Amino acid sequence: MWKRRRSAEDFAEEIRSHLALEADRLLEEGASEEEAQRMARVQFGSVPAARERFYLRNRLEWLDNFARDLKFAGRQMVKNPGYAVTAVFVLALGIGASTAIFAFVDAALLKPLPYKNPYRLMSVNEGSPSSARWPLSYPDFIDWRRLNHSFTAIDVYSSKGYLLRTRSGQEPVRAQEVSGSFFQTLGVQPILGRDFLPDEDRLGGPNVAVLSYGTWLHRFGARRDIVGQTVELSDNAYTVIGVLPRSFVFAPAGNTEFWVPINSLTKHETSRTFYNFWGVGRLRDGVTVQMALEEMTAIAKQLHQEYGIDGLGMGASVVPLSEVIVGDVRPILLTLMGAATLLLLIASVNVASLVLVRSESRRRELAVRGALGATRARLIQQFVAEGLLLTGFAGAAGLLVAGGLMRLLARLVPKDMASNMPFLEGVGLNAHTTILLVAVAGMTALLVTATPALRLASRDMRENLKDGDRGFSSRLWARLGANLVIVELAVAFVLLAGAGLLGQSLYRMLHEPLGFEPDHLATLSVSAPDTYKGEQQIAGLYREVAERLSSLPGVQSVGMTNMLPVQCNCPIDRIHFAGRPYHGEHNDVVERRVSPGYLSTLNAALMRGRYFQDSDDISRPGAAVINEALARKYFPAQDPIGQRIENDEGGRPSVWEIVGVVRDIREGPLDVEIAPTEYFPLQQAPDHSFNLAVRTRQDAGSMLSDLIKTLRQINPDLGISDEATMNDEIDGTQAALLHRFAAWLVSGFAMIALVLGVVGLYGVIAYSVNQRTREIGVRMALGAQRSSIYGLVLRQAGFLTAVGLTIGLICSVATSMLIRNLLFGVYPWDTLTLTGVAALLAVASLAASFLPARRAASVNPTDALRAE
Amino acid sequence: MPTKEPNADRIALLQGTLDLLILKTLLLGPCHGQGIARSIQRQSEEVFFVDHGSLYLSLQRLEDRKWITAKWGVSQNNRKARFYTLTAKGRDQLTAKTTEWRKLARAMELIVGGHPGPDSQEA
């Protein structure tokens with residue numbers, strides 16, 4: 001219901017009549033006409049004030065003003081596009097970068113895993129102080145499950161490779177053998193079909209398989225009738241019983257395609273000392289991680305005692321599953337988050353000082369508005385409106401930056417690795433990230449408006465009406481602006497130092513001695529079908545492969561191994577030595593099975609003895625080559641050649657005579673120390689799956705297709721996968737990738753910070769020179785040399801730079817200590833990096849202040865004095 | 001000087017009491033703004049000082065609430081003036097507000113004047 005408003009004109013009329021009536025009354029009382037009118041006015045008070053109050057009645061005065069302020073701010077931006085675009089761009093960069101990084105942090109560290117009540121899920125395994133997590137043996141798993149009271153359920157999973165029969169032949173696929181209630185324990189239900197039945201995981205149970213969503217989609221065209229059909233895995237028929245939901249991922253299993261119940265065990269797997277199954281359990285309500293750990297440790301000890309296993313110090317490990325999944329990336333993500341925050345800080349500070357300079361040049365405008373009756377609150381409101389408009393645009397642009405950056409970063413992660421990081425799926429603009437973006441933009445708005453507003457609140461505005469004043473306010477600004485520049489320089493220092501350290505770490509890591517030559521080395525994985533029966537047939541395949549590939553033009557030599565280098569310090573073998581007392585010590589060493597030609601193909605350096613020969617086959621006693629680390633650790637004052645290593649080969653005690661010592665080859669990840677390693681002849685324990693290392697004369701990548709073609713000629717049913725060059729393989733390892741990721745991103749942030757910091761310094765110095773033009777003119781008129789003017793300006797800049805760099809140096813040592821876990825081969829206080837960064841910033845700052853200094857020195861005294 | 005300047009003897013009106021005074025004044029008959037202001041000042045023996053800006057704002061508010069109505073007319077000395085009249089709703093409000101005021105005044109009196117002590121000596 002809208003009533004016609006009474007017009008302001010009508011109200012004014014009423015006031016006029018009031019004044020007339022009052023004047024009449026005063027006339028009656030005997031005043032002169034003039035006096036009466038004056039008195040009436042005086043008595044009434046301020047007429048405009050009354051009219052304004054009438055106008056504002058029922059109106060949200062604030063909103064009204066605000067709309068006007070916004071409009072004004074918009075006009076200001078249009079009038080000054082350079083300023084507006086710069087400010088919006090800088091802020092958008094800061095906001096966008098921090099939001100994008102946060103999206104990763106959110107997805108990886110804050111969002112729960114896609115299971116029911118994921119925080120109650122634990123990784124339950126054996127463990128000891130020396131190896132934190134160690135898989136379970138199958139008999140242990142059965143007993144742990146039976147004896148414990150801490151978990152509602154314990155299940156195990158174990159990685160398996162199969163050959164999937166497809167129309168074009170056999171293809172290696174990744175599968176996971178799991179105990180029957182595995183999905184139930186995670187709280188995951190198939191979207192199609194059913195879960196395993198209770199009796200399907202007993203030994204001799206039916207061959208059934210559950211598909212991952214991706215497998216269903218890509219291999220079976222998402223056909224709903226897939227349930228009930230059979231697939232052929234390594235020549236066995238498996239009935240598909242279900243399909244897992246799209247959201248389901250189980251990071252430790254990577255890109256597993258098929259999930260099958262454990263319904264048969266190899267001879268090894270029935271052994272209590274064959275550790276091949278990873279456990280996952282759901283904590284009972286009210287049980288803490290600590291309580292569960294204590295109980296499981298007690299059970300482990302009891303079993304070791306009962307079965308006479310020399311598991312000295314071996315206990316249990318109970319850690320949250322989420323820890324296992326995101327543990328590796330947490331420090332890197334937190335570092336990136338820190339870097340992004342610093343970038344945001346420097347961007348905000350930069351824009352704040354931009355706004356400050358602008359408000360300085362609008363001093364007179366503000367003073368006039370103040371003199372015309374604008375209250376301080378109204379003037380501040382104007383700044384708030386401008387700040388909000390600025391950050392509003394910046395936030396919108398930041399949204400675009402964040403979206404682009406997220407896509408870019410997600411694409412930088414290779415597919416193989418992404419499958420181990422299921423949380424990457426959750427990266428994007430969602431409620432969390434949007435809230436963060438708005439919050440960040442809000443805080444930025446606060447900073448950007450608070451700076452000029454604070455200044456406004458703290459000074460006498462009338463002073464500014466005076467033209468060309470060089471009073472208190474200018475000095476105050478100079479100090480505030482200078483402080484901001486110091487902050488910027490310090491932050492830039494911290495980021496640059498961080499980037500330098502991470503970059504060096506990456507370089508050192510990639511240049512770690514490998515113990516072999518990675519150039520001209522092609523690698524691929526082969527998996528032979530079960531038609532090769534018995535050790536003789538497989539050994540025959542090895543020989544055939546080696547011969548056929550070696551005879552290819554361009555191939556120098558061929559080697560085979562159960563696992564390629566720079567992958568993993570695994571599998572672990574526990575050994576003891578013939579002729580020495582053994583009390584179950586943890587003599588854990590890395591074990592590799594290699595063909596006779598393998599070590600020479602890698603160009604590994606033989607230190608003593610010999611490599612394997614074709615004659616070291618199944619008919620001969622076990623032979624072993626050890627690396628120097630093993631020799632140093634276990635034969636410190638003894639020639640290892642001729643000594644014998646004893647171990648347990650799946651329940652069968654075995655003896656291996658050491659025939660050679662090889663220089664350390666990096667079998668594990670780049671950022672992990674080289675472990676004692678033993679090499680056994682592949683022919684003495686042949687396996688259907690093996691990896692090829694082929695030394696080529698030309699570029700290794702160009703040979704891959706020829707190698708595959710030849711393998712297919714040998715047998716079209718061979719499963720071939722992971723073809724790559726050794727260099728690509730190394731670059732693609734998690735350690736290299738994560739460090740590269742961190743180094744590149746922090747470097748990017750640091751470069752932006754450098755530019756912003758230097759631009760900020762330039763702004764302050766240039767402004768100061770501008771303000772001091774007249775002073776400089778006077779100095780020159782009184783005989784100051786140009787060089788002394790240079791000195792004047794550069795001294796100021798030098799002082800700011802020195803203070804900024806000193807603070808930055810202290811802060812960066814402190815922050816580098818925080819990221820020391822990510823550093824590899826460099827100290828957080830690495831002098832080279834710190835001096836380099838200091839020099840870089842000093843030179844950049846000098847350059848930035850040289851321009852204004854030159855302007856100052858070229859001031860014409862007469863012009864300067866005449867100006868204003 | 002025919003009219004006294006505002007001086008220390010005058011006190012500003014209590015918040016919210018201006019409405020009551022206007023309604024009370026209008027009970028005697030329609031009146032214009034200047035008349036209302038004069039009347040309040042006179043009846044309070046020149047103690048209350050009416051801020052004219054507030055008065056007109058108050059009048060406007062009462063009019064918006066339909067407690068009073070207004071129309072332009074001609075004053076005794078032939079001036080155009082806006083005359084305000086009390087409505088039935090306004091009368092009810094006057095009764096309610098008067099009761100409210102009496103309660104308040106009594107309570108104030110109880111506290112300020114009800115407990116004779118050393119302070120009660122003051123003039």
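Please refer to the structure placed before this passage.
Residues numbered from 1 in each chain as written. Chains lettered and ligands numbered in written order. Predicted model: local features only at pLDDT ≥ 70, side-chain atom pairs only at ≥ 80, totals over all residues.

### Some thoughts on the interface of chain A and chain B
Interface size is commonly expressed as the accessible area that is lost once the parts come together. Basically, it comes down to this: C-beta atoms are placed from the backbone for every residue, and two residues are taken to be in contact when these atoms lie within 7 Å. Runs of H or I in DSSP of at least four residues are treated as helices and runs of E of at least two as strands, each being numbered from the N terminus. Gly falls in the polar group here, along with every residue not listed as nonpolar (Ala, Val, Leu, Ile, Met, Phe, Trp, Tyr, Cys, Pro) or charged (Asp, Glu, Lys, Arg).
Contact with chain A, which involves 19 residues of that partner, is made by 17 residues of chain B. For the side of chain A that touches chain B, the leading source of residues is helix 1 (residues 8-28) of chain A, giving eight residues. Taken together, the residues that form the side of chain A that touches chain B break down as nine nonpolar, four polar and six charged.

### Considerations on the nonpolar core
The criterion, for reference: Each nonpolar core consists of buried Ala, Val, Leu, Ile, Met, Phe, Trp, Tyr and Cys residues. Their C-beta atoms, within 7 Å, join them into a set. Whether a residue is buried, exposed or partly exposed is read from the other C-beta atoms within 10 Å of its own C-beta, which are placed from the backbone; 20 or more gives buried, 12 or fewer gives exposed, and intermediate counts give partly exposed.
Membership of the largest hydrophobic core comes to 227 residues, with the highest contact counts inside it found for Ala209, Leu495, Val746 and Ala753 of chain A. Ignoring anything within four residues of it in the chain, the contact list for alanine 209 of chain A reads Val231, Tyr238, Val240, Ile241, Phe258, Trp259 and Val260 of chain A. Ranked by size, the runner-up nonpolar core spans 22 residues in total, among them Leu18, Ala37, Tyr56 and Leu62 of chain B.

### Brief notes about helix 3 (residues 52-64) of chain B
Residues and elements named next belong to chain B. How we decide: The span expected for a helix works out to 1.5 Å for each residue beyond the first.
An ideal rise of 1.5 Å per residue puts 18 Å on 13 residues; helix 3 measures up with 18 Å between its terminal C-alpha atoms. Taken together, the buried positions of helix 3 are occupied by His52, Gly53, Leu55, Tyr56, Ser58, Leu59 and Leu62. The first or second residue beyond helix 3 is lysine 66, which carries a positive phi of 65°.

### A few points about the pairing of strand 7 (residues 236-243) of chain A
All names here are of chain A. Let me state the cut-off plainly: DSSP bridges decide pairing: two strands pair if at least two such bridges lie between them.
Here two bridges tie strand 4 (residues 192-193) to strand 7, and the two strands are oriented antiparallel to one another. Paired with glycine 193 across the strands is glycine 242, a residue of strand 7. Hairpin connection, strand 6 (residues 230-233) to strand 7: the antiparallel pair is bridged by two residues, and serine 234 has positive phi, about 45°.

### Details of the packing of helix 5 (residues 81-110) of chain A against helix 11 (residues 330-361) of chain A
All names here are of chain A. The criterion, for reference: To get an axis, a line is fitted to the C-alpha atoms, and for a helix only the part in contact is used. The angle between two axes follows their N-to-C directions and goes from 0 to 180 degrees. Angle categories: roughly parallel below 35 degrees, roughly antiparallel above 145, roughly perpendicular from 65 to 115, and oblique for all the rest. Handedness of each helix crossing follows the sense of rotation of the near helix against the far helix: counterclockwise by less than a right angle gives left-handed, clockwise gives right-handed.
Remark: helix 5 packs on helix 11, axes separated minimally by 9 Å, with the N-to-C direction vectors making an angle of 160°. By the angle between their directions, the pair helix 5 and helix 11 is classed as roughly antiparallel. Here the hand of the crossing between helix 5 and helix 11 comes out left-handed. Among the residues making up the contact of helix 5 with helix 11, the classes are represented as 22 nonpolar, six polar and two charged.

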